[in-house]
Amino acid sequence: MTVRLNVRRWPGGRPEFLLVHGLASNARLWDEVAGRLAAAGHAVHAPDLRGHGESDAPPAGYDTATAAADLAVLADTAGASRLVVAGQSWGASVAVHLAGQRPDLVAALALVDGGWSDLRAEFGSWEACEAALRPPEIDSPTEIDSPTEIDGPPEIDGPPVARLRRQLAEAHPDWSAAAVEATIANLRVRPDGRLERRLAIPRHMAIVRSMW
């Protein structure tokens, strides 16, 4: 099955950068970093991984190795090689897998808050890992009171986007407007102005299980 990945690109020269977002995140979180890299003369590629952002959400393939394989296809299609690959959180694990699968594509790795976790060492069974890391269910929009809880997937109608924008601005006054909007883009804004999760819980947990 062909999977279309949405890729944000900045033109420039070598070395080229591939920026990989984390679990339940999206490529826009890298925009300001990418802008600085592009200003320094580097080409930058920042994809939404499958099931995230504006990329396709096929029924299968929600694991670290497949995400890395998707990036290898992306790099080959773009004619890119010897990339500096930066990954954040789960994206760092994807970057490490890409380097292992296709060392010809990766010149260097930058791992931000991830890439070295060993969930099997931390949790003796998948059941224990699942119980600890499964995102919480949200029974009502009023239960989303802080930006951290937004990572939990709402199963019914979500909060209005205006509320989340206000919460983020209040909780993080040092964030730029671009950072606030990029965080909001982790969720989908429905036509009625309310938010819903892009990545369903089963797919979210399939990725976590691949990490375990």
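What you see is a predicted model; the values in this text were computed from it and never measured.

A. Geometry of the pattern of salt bridges. All chains considered together, the criterion is met by 10 salt bridges. Note that E16 is salt-bridged to R14, the shortest N-O span being 4.0 Å. Salt bridges sharing common partners tie together D76, R102 and D104.

B. Representation of a nonpolar patch on the surface in the model. Taken together, V96, L109, L111 and W116 make up a surface patch of nonpolar side chains, about 360 Å² in accessible area. Looking at the element boundaries, W116 is found in the loop between β5 (106-112) and α4 (119-122).

C. The layout of surface pockets, seen in detail. Each pocket or cavity is described by its volume, and for the second largest pocket that value is around 160 Å³. Lining the second largest pocket are V3, L5, V7, R9, D70, V73, L74, T77 and A78. Mapped by element, the contributors of at least two residues to the lining of the second largest pocket are β1 (7-10) and α2 (64-78). Here the element with the most residues in the lining of the second largest pocket is α2; it accounts for 5 residues. Its residues placed into classes, the lining of the second largest pocket shows 6 nonpolar, 1 polar and 2 charged.

D. Representation of the pairing of β5. Here strand β4 (residues 83-88) runs beside β5; their pairing, made up of 6 bridges, is parallel. Its bridge partner being in β5, V84 is matched across the sheet by A108. You can see the chain leave β4, run along helix α3 (residues 90-101) and come back into β5, and the turn it takes is right-handed.

E. Just the packing of aromatic side chains, in detail. Throughout the structure, instances matching the rule amount to 1 aromatic pair. Aromatic side chains W126 and W212 sit 6.2 Å apart centroid to centroid with 55 degrees between the ring planes, which places their arrangement in the tilted category. Remark: W212 occurs in the segment after α8 (201-211) and W126 occurs in helix α5 (residues 126-133); sequence separation between them is 86 residues. With relative accessibility at 7%, the residue W126 sits in the buried group. It is R120 that lies over the ring of W212; its NZ or CZ is 3.8 Å from the centre.

F. Looking closely at α2. Along its 15 residues, α2 runs 21 Å from first to last C-alpha, staying within 8% of the 21 Å computed at 1.5 Å per residue. Listing the buried residues of α2 in full gives T64, A67, A68, D70, L71, A72, L74 and A75. Its side-chain oxygen placed 3.2 Å from the backbone nitrogen of A65, D63 serves as the N-cap of α2. Taken from the residues just after α2, G79 is the one with a positive phi, measuring 70 degrees.

G. Broad picture of the packing of α2 against α3. Between α2 and α3, the least distance of the axes is 8 Å, while the angle of their chain directions is 65 degrees. Comparing their axes, α3 and α2 come out roughly perpendicular. For the element pair α2 and α3, the recorded crossing hand is right-handed. For the pair α2 and α3, the contacting residues are T64, A65, A67, A68, A69, L71 and A72 in the first and W90, S93, V94, H97, L98 and Q101 in the second.

H. Representation of unusual backbone geometry within the structure. With an omega dihedral of -5 degrees, the bond running from R14 to P15 counts as a cis peptide bond. With respect to the helices and strands, the residue P15 is situated in strand β2 (residues 13-20). With a phi angle near 60 degrees, A24 is a residue other than glycine that sits in the positive phi range. With respect to the helices and strands, A24 occurs in the loop between β2 and α1 (31-39). For A24, a relative accessible area of 14% translates into the label buried. Even without glycine at this site, D113 takes up a positive phi of about 55 degrees. Summarising the element assignment, D113 is placed in the loop between β5 and α4. Exposure remark for D113: the relative accessible area of 59% places this residue in the exposed category.

Parameters and conventions
Residues numbered from 1 in each chain as written. Predicted model: local features only at pLDDT ≥ 70, side-chain atom pairs only at ≥ 80, totals over all residues. Heavy atoms only, no water. Salt bridge = Lys/Arg side-chain N within 4 Å of Asp/Glu carboxyl O. Patch = residues over 30% accessible without salt bridge, like charges linked within 9 Å, V, L, I, M, F, W, Y side chains within 5 Å. Areas by Shrake-Rupley, 256 points an atom, 1.4 Å probe, with all protein chains shown as cover. Helix = DSSP H or I, 4+ residues; strand = E, 2+ residues; numbered from the N terminus. 1 Å grid on protein atoms, 1.4 Å probe; cavity = no way out; pocket = protein on both sides within 12 Å on 5 of 7 lines; lining within 4 Å. Points joined across faces, edges and corners; volume = space filled by probe spheres on them. Nonpolar A, V, L, I, M, F, W, Y, C, P; charged D, E, K, R; others polar. Pairing = 2+ DSSP bridges. Right-handed = clockwise from strand over helix to strand, strands pointing away. Phe/Tyr/Trp six-rings, centres within 6.5 Å; stacked < 30°, edge-to-face > 60°. Buried < 20%, exposed > 50% of the residue type's maximum accessible area, 1.4 Å probe, protein only. Lys NZ or Arg CZ within 6 Å of the ring centre and 35° of its normal. Expected span 1.5 Å × (residues − 1). Polar contact = N/O pair within 3.5 Å; in protein donor to acceptor, adjacent residues only side chain to side chain. Axes fitted to C-alpha atoms, helices over the stretch in contact; angles between N-to-C directions. Parallel < 35°, antiparallel > 145°, perpendicular 65-115°, else oblique. Left-handed = near helix turned anticlockwise from the far one by under 90°. Contact = heavy atoms within 4.5 Å.

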